[in-house]
Amino acid sequence: MTGRSGNALLLAALFGLYVLTGKVGLSVAFVHASATAVWPPTGIALAAFLTLGYECWPAIFAGAFVVNISTAGSVATSLGIATGNTLEGLLGAYLVNRFGTGVRTFERAQDVFKFAGLAAVLSTIVGATTGVASLSLAGHAAWADWGRIWLTWWLGDMTGALIVAPLLILWIQNPRPDLVRRRPLEAACLCLVTILVGLAVFGEGVVFFGLRTFLLTFFCTLPLLWAAFRFRQREAAVLIAVLSGIAIWAMLRGSGPFAGVTANESLLLLQSFMGTVSVMILSAAALVEERRRVERDREDLLAREQAARAEAEGAGRAKDEFLAMLGYELRNPLAIIISAVSVLDRIESQEDFAVRARGAIRHQITHLSRLVDDLLDVAHVASGKIVLSCQPLNLATSVQRCVSVLAGTGRLERHIVDVQAEPAWAHADPTRLDQIVSNLLANAAKYTPPGGTIRVRVRGEGDEAVVRVADTGIGIPVGLLPRIFDLFVQSERGLDRAKQEGLGVGLTLVRRLVGLHGGRVEASSDGPGRGSEFVVRLPRIAPAPAEEVARPPASQRHRILIVDDNPAARQMLRLTLELAGDEVEVAEDGHRALDLAESGWPEVVLIDTGLPGMDGYEVARRLRASSRGPEMHLLALTGFGQPRDYQRGPGSDFDAYLMKPVDPEELVRTIGTVAPTRG
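What counts and what doesn't
Residues numbered from 1 in each chain as written. Predicted model: local features only at pLDDT ≥ 70, side-chain atom pairs only at ≥ 80, totals over all residues. Heavy atoms only, no water. Pairing = 2+ DSSP bridges. Helix = DSSP H or I, 4+ residues; strand = E, 2+ residues; numbered from the N terminus. Axes fitted to C-alpha atoms, helices over the stretch in contact; angles between N-to-C directions. Contact = heavy atoms within 4.5 Å. Patch = residues over 30% accessible without salt bridge, like charges linked within 9 Å, V, L, I, M, F, W, Y side chains within 5 Å. Areas by Shrake-Rupley, 256 points an atom, 1.4 Å probe, with all protein chains shown as cover. Salt bridge = Lys/Arg side-chain N within 4 Å of Asp/Glu carboxyl O. Buried < 20%, exposed > 50% of the residue type's maximum accessible area, 1.4 Å probe, protein only. Expected span 1.5 Å × (residues − 1). Core = buried A, V, L, I, M, F, W, Y, C linked by side-chain atoms within 4.5 Å.

Considerations on the sheet that holds strand S9 (residues 583-587)
Working step 1: Sheet architecture is open: five strands sit in the order S9-S8-S10-S11-S12, paired in parallel fashion. The outermost strands of the open sheet, each flanked by one partner alone, are S9 and strand S12 (656-659). For this sheet the average axis-to-axis angle between neighbouring strands, irrespective of direction, equals 20 degrees.
Working step 2: One ladder, built from five bridges, connects strand S8 (residues 559-563) with S9; its direction is parallel. Bridge pairing in S9 links isoleucine 562 to valine 586.
Working step 3: Each of S8, S9, strand S10 (604-608) and strand S11 (633-638) touches helix H17 (residues 567-579); the most contacted strand, S9, lies at about 170 degrees to it.
Working step 4: Strand contacts of helix H19 (residues 616-625): S10, S11 and S12, with the helix running at about 155 degrees to S10, the strand carrying the most contacts.

A few points about a nonpolar patch on the surface
Working step 1: The grouping of Leu192, Ile195, Leu196, Leu199, Val242 and Trp249 at the surface amounts to a nonpolar patch, some 540 Å² of accessible area in total.
Working step 2: Those elements giving two or more residues to the nonpolar patch turn out to be helix H9 (184-202) and helix H11 (233-252).
Working step 3: Considering each element in turn, the nonpolar patch owes the most residues, four residues, to H9.
Working step 4: Note on placement: leucine 199 falls in helix H9.
Working step 5: On the basis of relative accessible area, leucine 199 is assigned to the partly exposed category, the value being 37%.

Some thoughts on the pairing of strand S6 (residues 520-525)
Working step 1: Pairing between S6 and strand S7 (residues 532-539): six bridges, direction antiparallel. Within S7, the position partnered with alanine 523 by the bridge is phenylalanine 534.

With respect to helix H5 (residues 109-122)
One turn of an α-helix holds 3.6 residues; hence residues three or four places apart share an orientation.
Working step 1: When the terminal C-alpha atoms of H5 are compared, their 19 Å separation across 14 residues agrees well with the 20 Å that a helix rising 1.5 Å per residue should span.
Working step 2: Those residues of H5 that fall on the buried side of the exposure criterion are Ala109, Asp111, Val112, Phe115, Ala116, Leu118, Ala119 and Ala120.

Remarks on the pattern of salt bridges
Working step 1: Summed over the entire model, instances satisfying the criterion amount to 27 salt bridges.
Working step 2: Between glutamate 533 and arginine 468 there is a salt bridge, with the nearest N and O atoms lying 3.7 Å from each other. One end of the pair, glutamate 533, is in strand S7; the other, arginine 468, is in strand S5 (residues 464-471), with 65 residues separating them in the sequence.
Working step 3: Using a relative accessible area of 23% as the deciding quantity, one classes glutamate 533 as partly exposed.
Working step 4: Arginine 624 is the partner of aspartate 655 in a salt bridge, and the nearest nitrogen-oxygen pair spans 2.9 Å. Of this pair, aspartate 655 sits in the loop between S11 and S12 while arginine 624 sits in helix H19; the two residues are 31 residues apart in sequence, bridging distant segments of the chain.
Working step 5: When salt bridges that share partners are traced, they join Glu461, Glu464, Arg468, Arg520, Glu522, Glu533 and Arg537 into one network.

Observations regarding helix H15 (residues 430-446)
Working step 1: Taking 1.5 Å per residue as the helical rise, H15 with its 17 residues ought to reach 24 Å, and the 24 Å between its terminal C-alpha atoms agrees with that figure.
Working step 2: For H15, the buried fraction is high: 12 of the 17 residues fall into the buried class.
Working step 3: Among all positions in H15, only Arg432, Leu433, Gln435, Ile436, Val437, Asn439, Leu440, Leu441, Ala442, Asn443, Ala444 and Ala445 are buried.

A few points about the nonpolar core
Working step 1: Ranked by size, the top nonpolar core spans 81 residues in total, and within it Phe115, Trp153, Phe202 and Leu270 carry the most contacts.
Working step 2: Counting residues per element, this core draws most heavily on helix H7 (residues 146-173), which supplies 12 residues.
Working step 3: Apart from residues lying up to four places away in sequence, tryptophan 153 is in contact with Ser34, Ala35, Thr36, Ile81, Asn85, Gly127, Ala128, Gly131, Val132 and Leu135.

Thoughts on the environment of alanine 29
Working step 1: Within the fold, alanine 29 resides in the loop between helix H1 (3-26) and helix H2 (41-51).
Working step 2: Separated by 235 residues in sequence, alanine 29 and asparagine 264 have C-alpha atoms that sit 7.8 Å apart.
Working step 3: Beyond its immediate stretch of four places on either side in the chain, alanine 29 contacts Ala35 and Thr36.

Next comes the structure, spelled out in structure tokens:
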């Protein structure tokens, strides 16, 4: 079937339906043969124009003409009436399309009211006025009866729009009764209850109960509300049409709450009531459907949010694993190089140029190691992976220690450092506090020319413990101050950028670590060339009682086993410890380490946590479970950047954790601390 022939059949069917329902409607015309309070064709015309388009108007016009020419009047009056009926349908559809949502007008309550006002009330005035005027001008209706005829005509058109149009539009738009198929028993009960209630309210049976039917009129809305809340607008529209049919049938038999006056007046009252019920029920059904859509959208949004969260968590885990592996891969070669430099310091020439060359290597390796640590720490803080181990600390002691350490490495040797520290206590993580102060001092040294002054002040100010680091360096431009703590932000660099080494993550790390401590950090500067000042403020606490601190004993001779799968790393560590006077054995994997441990030889075992196969944590667990496990001292060497890789908490199999690259002096010092009685 071609498209043109299909359209012709559709128009023919529309024409036939219009004529059939029009003849049925005019069969109950009481005030005039061409005016009835029951006029379904208005709803058919509106549904056709909204679903099929305006081009179907010939079928509507022809249907209206045939209905009227075959009922009463003349060709002229039939043409006038057909014109009015067609125009009211076109106008109603245009207004709904223009100011409403067109064919989707019954999906929202506010659009239901727009349809009722624009298509049912306003546009039908055109049809009623044109039709009655045509009859009156041709002499087929008395001018004295204009009011009665016009009201009947208009009310019939309006009711047809409110009852028939929703039924047709909703079924054309979605012909599959999903909820009915899912709830067939409930749907059958609903239909039966609606019919019984309609017969009870509009029929004659209620007189046997001694009740007057008009008292039960609004009782008929209960099953319609049932349909609105449990099903959809489409099912509600069907039951409205069924109830309307029962009411008209009963009224024509002389029963129902609106009987007792003239037949036409009874129809007008009944149609007014059913039109009101239709608007009320359809708007209620639309509200329920809107709520369902909101719930579905919320469920979809929740599902998408959960999927996005799972994806983000997966990406976060992948990022963490990547950062951990990056740290491991970077720290391993750094550890080897710094161990090699330490060995060269002991066995190579001590001529000035050789000492300076090794010093330069050590300085750059230390700098590179610090960059890796800062980058990983920023990532960990941002993702909430850093957990603080806070304790009461005297900031004066901590700051003085940081200054001494940095001065010992030569990083402050070109500057004048002025430190004035008064006791000020805070609840802080010692390691992270050292990072905060070290980064501020390093930042001051980086941007202060040689000979400049770095002033460090520690004091209590009210309920805050305050650390101030000021310098006489290049200062901070005003426009940069608000962003100075943002990631990767640095001041402008000139051709001497090599002197201002770094990635711009130190101050970001400072701000985030201070925030984890519940404090805040501020930056100020009078402008370029006028220095800058950074102020860290932490919540102040009362001084902790003095405790005697045990000092680690001097380094003594130990029997040490190194477990590392990297040959170069094993060799450099071995040379470092042998030069310190220790006896050293090496193992390339966990199985070899377990065999050597069974011999009863090692006192201290250095274990790389990233061993292939049996990892370092499993090796430590098995060593602890062996017969000599309680006697051995186990030290972890980790190149991973995750906090869980070097801080397993109480009950760990390791006595201490060392992050690669390990400073040789720190290694010797740590061994002397964990194994003080060995000789």
